[in-house]
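Survey of secondary and tertiary structure
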Protein chains: 4
Amino acid sequence: MVGHWIDGAPRASASGRTAPVFDPATGRRRAEVALADQADVDAAIASAQRGFREWGGWSIAKRQRVLFAFRELLNARTRELAEIISGEHGKVVSDALGEVMRGLEVVELACGFPQLVKGGFSENASTDIDVYTLRQPLGVVGIISPFNFPAMVPLWFFPVALAAGNAVILKPSEKDPSAALWLARLWSEAGLPDGAFTVLQGDKQAVDGLLHSPAVQAISFVGSTPIAQYIYEEASRHGKRVQALGGAKNHMLVLPDADLDLVADQAVNAGYGAAGERCMAVSVVLAVGEVADPLRAKIVERIDRLRVGPGTDAVEPDMGPLISAAHRDKVAGYVGVAEQDGADIVVDGRGFTVDGHEDGFWFGPTLIDGIPTDSRAYQEEIFGPVLSIVRVATFQEGLDLINSGRFGNGTAIFTNDGGAARRFQSEVQVGMIGINVPIPVPVAYHSFGGWKASLFGDAKAYGVHGFDFFTREKAVTARWVDPATRGRSARGGIDLGFPQND
Amino acid sequence: MVGHWIDGAPRASASGRTAPVFDPATGRRRAEVALADQADVDAAIASAQRGFREWGGWSIAKRQRVLFAFRELLNARTRELAEIISGEHGKVVSDALGEVMRGLEVVELACGFPQLVKGGFSENASTDIDVYTLRQPLGVVGIISPFNFPAMVPLWFFPVALAAGNAVILKPSEKDPSAALWLARLWSEAGLPDGAFTVLQGDKQAVDGLLHSPAVQAISFVGSTPIAQYIYEEASRHGKRVQALGGAKNHMLVLPDADLDLVADQAVNAGYGAAGERCMAVSVVLAVGEVADPLRAKIVERIDRLRVGPGTDAVEPDMGPLISAAHRDKVAGYVGVAEQDGADIVVDGRGFTVDGHEDGFWFGPTLIDGIPTDSRAYQEEIFGPVLSIVRVATFQEGLDLINSGRFGNGTAIFTNDGGAARRFQSEVQVGMIGINVPIPVPVAYHSFGGWKASLFGDAKAYGVHGFDFFTREKAVTARWVDPATRGRSARGGIDLGFPQND
Amino acid sequence: MVGHWIDGAPRASASGRTAPVFDPATGRRRAEVALADQADVDAAIASAQRGFREWGGWSIAKRQRVLFAFRELLNARTRELAEIISGEHGKVVSDALGEVMRGLEVVELACGFPQLVKGGFSENASTDIDVYTLRQPLGVVGIISPFNFPAMVPLWFFPVALAAGNAVILKPSEKDPSAALWLARLWSEAGLPDGAFTVLQGDKQAVDGLLHSPAVQAISFVGSTPIAQYIYEEASRHGKRVQALGGAKNHMLVLPDADLDLVADQAVNAGYGAAGERCMAVSVVLAVGEVADPLRAKIVERIDRLRVGPGTDAVEPDMGPLISAAHRDKVAGYVGVAEQDGADIVVDGRGFTVDGHEDGFWFGPTLIDGIPTDSRAYQEEIFGPVLSIVRVATFQEGLDLINSGRFGNGTAIFTNDGGAARRFQSEVQVGMIGINVPIPVPVAYHSFGGWKASLFGDAKAYGVHGFDFFTREKAVTARWVDPATRGRSARGGIDLGFPQND
Amino acid sequence: MVGHWIDGAPRASASGRTAPVFDPATGRRRAEVALADQADVDAAIASAQRGFREWGGWSIAKRQRVLFAFRELLNARTRELAEIISGEHGKVVSDALGEVMRGLEVVELACGFPQLVKGGFSENASTDIDVYTLRQPLGVVGIISPFNFPAMVPLWFFPVALAAGNAVILKPSEKDPSAALWLARLWSEAGLPDGAFTVLQGDKQAVDGLLHSPAVQAISFVGSTPIAQYIYEEASRHGKRVQALGGAKNHMLVLPDADLDLVADQAVNAGYGAAGERCMAVSVVLAVGEVADPLRAKIVERIDRLRVGPGTDAVEPDMGPLISAAHRDKVAGYVGVAEQDGADIVVDGRGFTVDGHEDGFWFGPTLIDGIPTDSRAYQEEIFGPVLSIVRVATFQEGLDLINSGRFGNGTAIFTNDGGAARRFQSEVQVGMIGINVPIPVPVAYHSFGGWKASLFGDAKAYGVHGFDFFTREKAVTARWVDPATRGRSARGGIDLGFPQND
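Please read all numbers here as calculations on a predicted model, not as lab measurements. Each chain carries its own residue numbering, running from 1 in the written order of its sequence. The lettering of chains begins at A and the numbering of ligands begins at 1, in the order of writing. In keeping with the model being predicted, local features are shown solely for residues with a pLDDT of at least 70 and side-chain atom pairs are shown and tallied solely at 80 or more, while totals for entire chains, interfaces and linings include all residues. Hydrogens and water molecules were not included; the side-chain quantities draw on all heavy atoms of the structure.

1. Remarks on the overall build of chain A
- A helix here means a DSSP run of H or I that spans at least four residues, while a strand means a run of E at least two residues long, and both kinds are numbered starting from the N terminus. A count of helices and strands for chain A gives 16 helices and 22 strands.
- Here the globule rule reads 2.2 Å times residues to the power 0.38, and the radius of gyration is calculated from C-alpha atoms. Against the globule reference of 23 Å for 502 residues, chain A gives a C-alpha radius of gyration of 25 Å, in line with a compact fold.
- Referenced to the eigenvectors of the C-alpha coordinate spread, the extents of chain A come out at roughly 90 × 55 × 40 Å.
- Evaluated residue by residue, chain A yields a buried proportion of 70% over its 502 residues.
- Residues are treated as being in contact if the distance between any of their heavy atoms lies within 4.5 Å. Here the analysis covers contacts within chain A between residues at least 6 apart in sequence; of these, 71% occur between residues at least 24 apart.
- Each accessible area value is a Shrake-Rupley result obtained with a 1.4 Å probe; residue values ignore everything except the protein chains displayed when judging cover. By element, 49% of the accessible surface of chain A is carried by carbon and sulfur atoms, the whole surface being about 14500 Å².
- With 47 positive and 60 negative side-chain charges, chain A shows a spacing of 7 Å between the two charge centroids. Relative accessible area decides the class of each residue, using a 1.4 Å probe on protein chains only: under 20% of the type maximum gives buried, over 50% gives exposed, and in between gives partly exposed. Think of it this way: Lys and Arg go in the positive column, Asp and Glu in the negative one, and His and the chain ends go nowhere. Charged side chains are reduced to one point each, which is NZ for Lys, CZ for Arg, CG for Asp and CD for Glu.

Okay, here's the thing in structure tokens:
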């Protein structure tokens, strides 16, 4: 039984409710995960409040020691975590290792938090008056994370939240719940006081328990857009600050001057990596002018060489299975929609299986050409290994198409023309932009976040903005009485006017 | 008829709905103000969208010129604006001038916006890859402001919003709507393109029109806590970023070492200034130990000398009327509640009138002692010239009492003990703190905002955080092909793993 | 007699020494300028010290008011200043207006100084210990500025220095000393206290007086490299902080994909503007591959259309005279050297005169081709309207040539290839870089400064770094005794070990 | 033989010149250290240049990995380094451990360098023009460090210098040269490429070799004021940027309200720790009013309990020997001067020895009262375990006395009065200030540095300013041609005026 982590230790669920955890490569049930009820939520929050009273009072120096210790432990054991991820999620181990490394970068950012939680100090702002700002932690904060990055997405938030002095309750996806527990244990080893990091396993009951509790000060969420919107509204309605990251439909725009071999490589890598279960996956190649046909040929050629199989195989394949049977069927449904809407299914991954693993949740790399832009299969997020080629006549047409969609997560342009890239980055309504980089996840010291329906709220993940989200300011205006003039009340007197600075 | 300001010009309302605007010192109707219907809202938003397309594309250099021109105009005509405020709001002219000056400071902050909207640039973040961040305006943003500071509160937001390249729609209070129009005209004179600054007069219909429009990207609100909460929920539900500042109940904690003459001056200034209609007014004096009796005597003595009268009188009084008859009655009701709950009404302002202005909305300075802390009159915001003295035995008891309330806007401590002040600023759950300063409104280059029920959302007003609220980031990850190696595709190849930095 | 400005008023010199000030377009003496002796220096410094004691104690709010007032005055009277510059320097009025506008931008930066002089505040850095930083002015600082930008160069420094609370002594060039006096008077009108801004006219005696005085805390210098080096050494030897900006030899690198009409325009503008008397003037066009011949033709064609004449003429010419007869002869000497070294003098400006102004210090636009890179005329700064074309086979050869020189002030590349531009900006050893921009003087909120022999010291002008130069930090480590525990000395005890943070 | 570290490996000296290294507790020679001649200097610089070409080109991601690895190694082996320090310097091991830990904090700061070397990015600063800033390493930089902190002082500089991409040559004190070698080996283990960190052993020849080499871009020095001044002048004369930290004479000002037991503890800890061989040691207690006599009694009482002995003893003493016989005699000389000038030598440490270690360089804790402020023993830095009590009547008299000295390194005030502390921090001419903290060495994320003769140059050590010192900026002004308008040269045309922003 995969349980909670409360008070610095594993904890079974009080509820008796559970859900199965599968090995997606075999379709077999690996374990049961606890699903919290309100009693579990209450226990988690009560523990986190105690954890905050302790941890939030630790000095910067003491907190920094724990952060560096955690970084050291995580860095030493990345492979261990990657294998846990691969086993429950299905992605290949090297890919899981990739997500761990990108998460580790945020821990490294958080190690430098003293610089990032500084307030400002203004001497003699007004005559004899100093003004300065303190940045304090919020208290107990909740993180609700998706199945596709069971380590990296929580790591976008909790190192920052903890560094800033908050206590964290992490509600991971019930589909791959073990990575969170592994991380919790690591924090204990690193010296974090009990209660400062809590894992609460569960489904909507756990989520709503966090959303509705007045003790939880903030919610960080990553998932699909409809759920992100629900989280944003519901948490806002309960007076919390919220950052809710939603879905995506990421386009790469290929200009005629681009190196098509390079582009084809990148399209395949970014389209089929992690079986497309990435919010930064490329799902549409926008080919400008004459580019489409030769590029399509190069992509097909590369797809032919891709190997699909269990992520933990000794000879590592390129791509693993999808997360669940239901999700596989949903992806297949989208391909069906495209077909019905008149698209050309150039490479069809439906019905794909791997010998000896026939019950795994497989879906082969799929390439679609000629999809109408009013097809649901073009407009919605598929979240599977499905890449579409769309033809546009000009740069401008491509840009307009990208801006016409509801999502604004990631995008990329392939060209070496500085002027084209500059217009693209200025005008595209997307939060993360690659120039000849297909999956432009920003480094940890910049911030992650999309525009439009890809992010609700005003707070991006990690970077400077992560620290803004997880701290609350106090502005202090101080006028000390100079002992030399005390009692003479030079500044006294009745003046009911609004106070001026002079 | 006080109408809207749309497309860079005054505009009558399409709706025909109006509300009266009073002179609070006489109780007489001065004018009618238009109340927008949906057609007005639509016109305002359509114009603002055009305004944004123009203004949002202006370079930093061109925008900066307009900001400086506006600052120059406003600085030259502060008194003109102060008189408009005094006439509709009732506060004395010098006090109105005070709010204008504090608003002007935010314009001066905004003049320096180029420094505050810089993104970051990281060369060679990963091998041959640069990462940088652009900060762009949001688009059309709405400001909904209260009656008590018809100039200053809008000025907390719109200079920042405009400097960052947004188009602003300001919905002022219908009780004192003229200051907004005066400011709009000033922007036109300063060279702001039409549509970039819009005034929409109205009531809940106008508010809801802004909250529900998908074209409005953000809402900045200041008002009472129940409305702030409504705004926060409703705007969030429509996917906007929101900052909603609510009510307050500000305590000043007086330690035994304080200079009581100075404290009594400040209590009177901060309790009765603007007739207590300030979210940063002091409403409770927390007297520690033996301080209460001598301090009470000193406050009473000062109240006796206060002159109340029309704010525009040639010989300026200390304090003017309340904003409306209804509000006067509400304030009186709170004093009644205090009385019923057993408090001692030391000075009673109920029934106060000014000779020759008997129909004005008058309320005299009121001092209450011995109010039980479970009385509604202690716990709720009164927003009138009513000051209560509460006695506590120790610093700790005072601190705990402040922290037990639902508001967290402002507070102050009076002492010269560095240790007491340090514990106070660390532990008090309040966003703006004065040390021997009773109304600690932060200077423009720090930020304004309370904690708890005094601010919904994560975004304070003005300062660095104002620019965070009114901009949206794009992170760009760029890898140019070196012409010397083009075609050799050194970085190509199939690798579906999550992209690493190296 | 053009005298000093001391104690907020004009002051004649005690020394009796003077130098002539010419009108370069006529060659006639316009005025005499005082040359300070040590008594003048002493008076200036004594006054500045008094000025600092007053001004350095003013609050941020009060200082900011003066800054904005100065900006307003300067903005209103730019033309007046431009005409003074044109009359003494010779540049055309619109060009002089240009330098004033760029200087005004630094005033606008300085208006936002409260944000730029903030220190940091770290609560609970170590247990119960806060650490914060104050940024204070240095005291009296000296600015020594060159003839070529009598307004802009001083304006790079003094708005920043004054905003930060310093008192400034400006030693302008004795060739065009009047702009400094005009600016001094403007500061008085803006409300700056007497002594905070001083003008000391003079030559090396004045300079050495400033360098040797222990009361002068810092020196900002712009001029030729040999003098910059002298200033840097001499001021350093007297314990001051120094920034000394020197000469330049700016290349523009033109790649084959560039638009040659655009490039030719820019080469002419940047090569001949202000008769080449700009440290950011382009003096070498590096033509890659086949570019040279067509580009040369286009440049010649444009030179033919240039009009040279008195800068104050009603119909404004493109270019005025040089600053002095001696300088004209020096420029002519360099052209002679080039000729002797085998270069082709395509257009020869030697001997050029303007009808009716035969005694003016004229030098016509000069174009040189085929200059050997070991010619002194290639390697040294000419500071006149002399443009050389140098041919290189490749981008790399051009880059290496730029990096082989001793200067590193400005440079530009003309191309639309993002990869070429990225390598250029990464590898060129130059401080200010244009991409399709020939004179890349950074905007005021970035910083100005070259590399190598173009800047001695570590401090660039204006921007964030300007405020670093003109402020000095204090770091405060504070541990207050909590009154609740006083006398119990919980933190006492003997421990001679180095203090740790915990 | 303690040799150099060049090209990532130990290297014997070419010179044959050596100096002895002593064990100060026994007075016995422990080893010989190489003294570089010019050939060694040249080898070191050549290797460092190669090291820079490699390391300076590494991406941020790769550099960050090395920094974290170094931090991990150092953190694991602090005791090993502390014992090396204690053996050569004489300080007790726990004190040596203290300096290592404070040095480690700067490594931790440097691990967060990506945030600290960001440039700024301004989109559309002028129409269609972006401006951004790159921060690049300087190249080869030299660090010249003193005997008293053989690990901490180098660690103030080299983690920052290396993180920023520079190659470092460290010239440690020849009195305790082994810590530097140990650190060099650790960098190799951490993966730093050969040549990026070099140790050059030596005396003035080595120093001058670094100062005179054009390849060395910057010098960071800590030592006595006369040498600091020499370094500053000489390095400046060779065109380098320099930070040269000199001597100190740190006062603690004790107000009548202070807790005298606490003060006495702190005076003893800060006066005698490391035998007073710290630039932040307290050497003068300024007792205000009646404080002096009781405080003197409490200090004497504590001195009586101090144990002096070999720093490596199993039962650790409080204080070890001085660094050398010569230094011991110099300290004794100062006590003699005080005596002659009429001071009362309350506790006399001259002639002190430790049984069984009679040849050690011992000096007992010394307390002086009544020293005239014109005595050399008051005015100069003694750098030994000698504490003086000076009596002043008022706060102001104490403040004036501190400000009358030539040094401005550190100081402290002991009081709980917020007003006194505020005036002290505002007006004292000292760079590092403690409020109830006797040795206010700023935490790593603020900066270290004194004022006046305690620091030459404008650059403090570590913190944000450390990164300013060790990077050089490039400002890029970029205008790409939009492909849609190419060839139409919209921005072309002849205009020789100074370029404007619009």
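2. Things to note about the interface of chain D and chain C
- The interface is formed by 101 residues belonging to chain D together with 100 residues belonging to chain C.
- Accessible-area loss on putting two parts together, using a 1.4 Å probe and summing over both, is the definition of buried area adopted here. For the pair chain D and chain C, the summed buried area comes to about 8000 Å², and 54% of that belongs to carbon and sulfur atoms.
- It is Asp458(D), Leu496(D) and Phe498(D) that lose the most area in chain D upon contact with chain C, and together they represent 11% of the buried surface on that side.
- Salt bridge, as applied in this entry: a Lys or Arg side-chain nitrogen positioned within 4 Å of an Asp or Glu carboxyl oxygen. Run the count over chain D and chain C and you get 0 salt bridges.
- By the criterion applied in these results, polar contacts are pairs of N or O atoms within 3.5 Å in which, for protein atoms, one can donate a hydrogen and the other can accept it, and in which residues neighboring in sequence qualify only through two side-chain atoms. Run the count over chain D and chain C and you get 53 residue pairs in polar contact (both at pLDDT 80 or more).
- When grouped by side-chain class, the residues that make up the side of chain D that touches chain C number 43 nonpolar, 31 polar and 27 charged.
- Strands were regarded as paired on the criterion that DSSP finds at least two bridges between them. The sheet contact formed by strand β19 (residues 432-435) of chain C and strand β22 (residues 471-478) of chain D spans 4 bridges and is parallel. In this classification, the charged set is Asp, Glu, Lys and Arg, the nonpolar set is Ala, Val, Leu, Ile, Met, Phe, Trp, Tyr, Cys and Pro, and all remaining amino acids, among them Gly, are polar.

3. Thoughts on the UniProt feature "domain: Aldehyde dehydrogenase" (unreviewed entry) in chain A
- On the UniProt side, "domain: Aldehyde dehydrogenase" (unreviewed entry) is annotated at positions that read residues 14-476 of chain A here.
- The annotated region residues 14-476 of chain A carries 41% helix and 22% strand content, and the separation between its end C-alpha atoms amounts to 45 Å. UniProt positions are given in the numbering used here, feature names are shortened, and annotations may be inferred rather than shown by experiment.

4. Observations concerning the side chain of Asp95(C)
- Mapped onto the secondary structure, Asp95(C) falls in helix α4 (residues 93-111).
- For Asp95(C), a relative accessible area of 2% corresponds to the buried category.
- A polar contact of 2.8 Å, which involves the side chain of Asp95(C), links it to the backbone nitrogen of Phe498(D).
- The contact partners of Asp95(C), leaving out residues within four places of it in the chain, are Ala274(C), Arg278(C), Leu496(D), Gly497(D) and Phe498(D).

5. A few points about the relation of the copies chain D and chain C
- Superposing chain D onto chain C takes a rotation of 180° plus a shift of 0.0 Å along the axis, which leaves an RMSD of 0.0 Å. In short, the pair behaves as if placed about a two-fold rotation axis.
- When the interface residues of chain D are mapped onto chain C, 99% of them again lie at the interface, so the same face is used by both copies. The copies were overlaid by least squares, fitting only the C-alpha atoms of residues that reach a pLDDT of 70 or more in each copy.

6. Re the pairing of strand β11 (residues 241-245) of chain D
Residue and element names in this part refer to chain D.
- Of all 5 residues in β11, 5 are buried; the element is thus mostly enclosed.
- With 5 bridges joining them, strand β10 (residues 216-222) and β11 adopt parallel strand pairing. Paired with Ser-220 across the strands is Gln-243, a residue of β11.
- Clockwise travel from the first strand over the helix to the second, with the strands pointing away from the viewer, marks a crossover as right-handed. A crossover links β10 with its parallel partner β11, the connecting element being helix α9 (residues 225-237), and its sense is right-handed.
- With 2 bridges connecting them, β11 and strand β21 (residues 455-456) associate as antiparallel partners. Paired with Leu-245 across the strands is Leu-455, a residue of β21.

7. Observations concerning the relation of the copies chain A and chain B
- Taken as rigid bodies, chain A and chain B are interconverted by a rotation of 180° and an axial shift of 0.0 Å, the fit giving an RMSD of 0.0 Å.
- Take the interface residues of chain A: 100% of them recur as interface residues in chain B, which is what a same-surface contact looks like.

8. As for the environment of Leu253(C)
All names here are of chain C.
- With respect to the secondary-structure elements, Leu-253 resides in strand β12 (residues 250-254).
- Note: C-alpha distance between Leu-253 and Ser-47 (206 residues apart in sequence) is 49 Å.
- Other than its neighbours up to four places away in sequence, Leu-253 contacts Leu-286, Val-288, Phe-395, Gly-398, Ala-412, Ile-413, Phe-414 and Phe-424.

9. A look at the pattern of salt bridges
- Inspection of the entire model under this criterion finds 124 salt bridges over all chains.
- With its nearest N and O atoms 3.5 Å apart, the salt bridge here joins Glu72(D) to Arg71(A). Within this pair, whereas Glu72(D) is found in helix α2 (residues 60-76), its partner Arg71(A) is found in helix α2 (residues 60-76), the two belonging to separate chains.
- We classify Glu72(D) as partly exposed; its relative accessible area is 23%.

10. Section: the packing of α2(D) against helix α4 (residues 93-111) of chain D
Residues and elements named next belong to chain D.
- With their axes 9 Å apart at the nearest point, α2 and α4 run at an angle of 160° to one another. Classified by the angle their axes make, α2 and α4 are roughly antiparallel. For the pair α2 and α4, the sense of crossing is left-handed. Across from Gln-64, Leu-67, Phe-68, Phe-70, Arg-71, Leu-74 and Asn-75 in α2, the residues of α4 making contact are Val-100, Leu-104, Val-107, Glu-108, Ala-110 and Cys-111.
- For the contact of α2 with α4, the per-class residue count stands at 9 nonpolar, 2 polar and 2 charged. Comment: axis = line fitted to C-alpha atoms, over the contacting stretch for helices; angle = value between 0 and 180 degrees taken between N-to-C directions. Here the angle decides the label: under 35 degrees means roughly parallel, over 145 means roughly antiparallel, 65 to 115 means roughly perpendicular, and every other value means oblique. For a crossing to be left-handed, the near helix must be turned anticlockwise from the far one by less than a right angle; the clockwise case is right-handed.

11. Comments concerning the pairing of strand β5 (residues 119-126) of chain C
- Counting buried positions over the 8 residues of β5(C) gives 8, a clear majority of the element.
- In the sheet, strand β5 (residues 119-126) of chain A pairs with β5(C) via 3 bridges, with the strands oriented antiparallel. Across the sheet, Gly119(A) pairs through a bridge with Phe121(C), a residue of β5(C).
- Across 3 bridges, the pairing between β5(C) and strand β6 (residues 129-137) of chain C is antiparallel. The partner of Ser126(C) across the bridge, within β6(C), is Ile129(C).
- Counting the residues that bridge the hairpin from β5(C) to β6(C) gives 2 residues, and of these Asp128(C) lies at a positive phi of roughly 70°.

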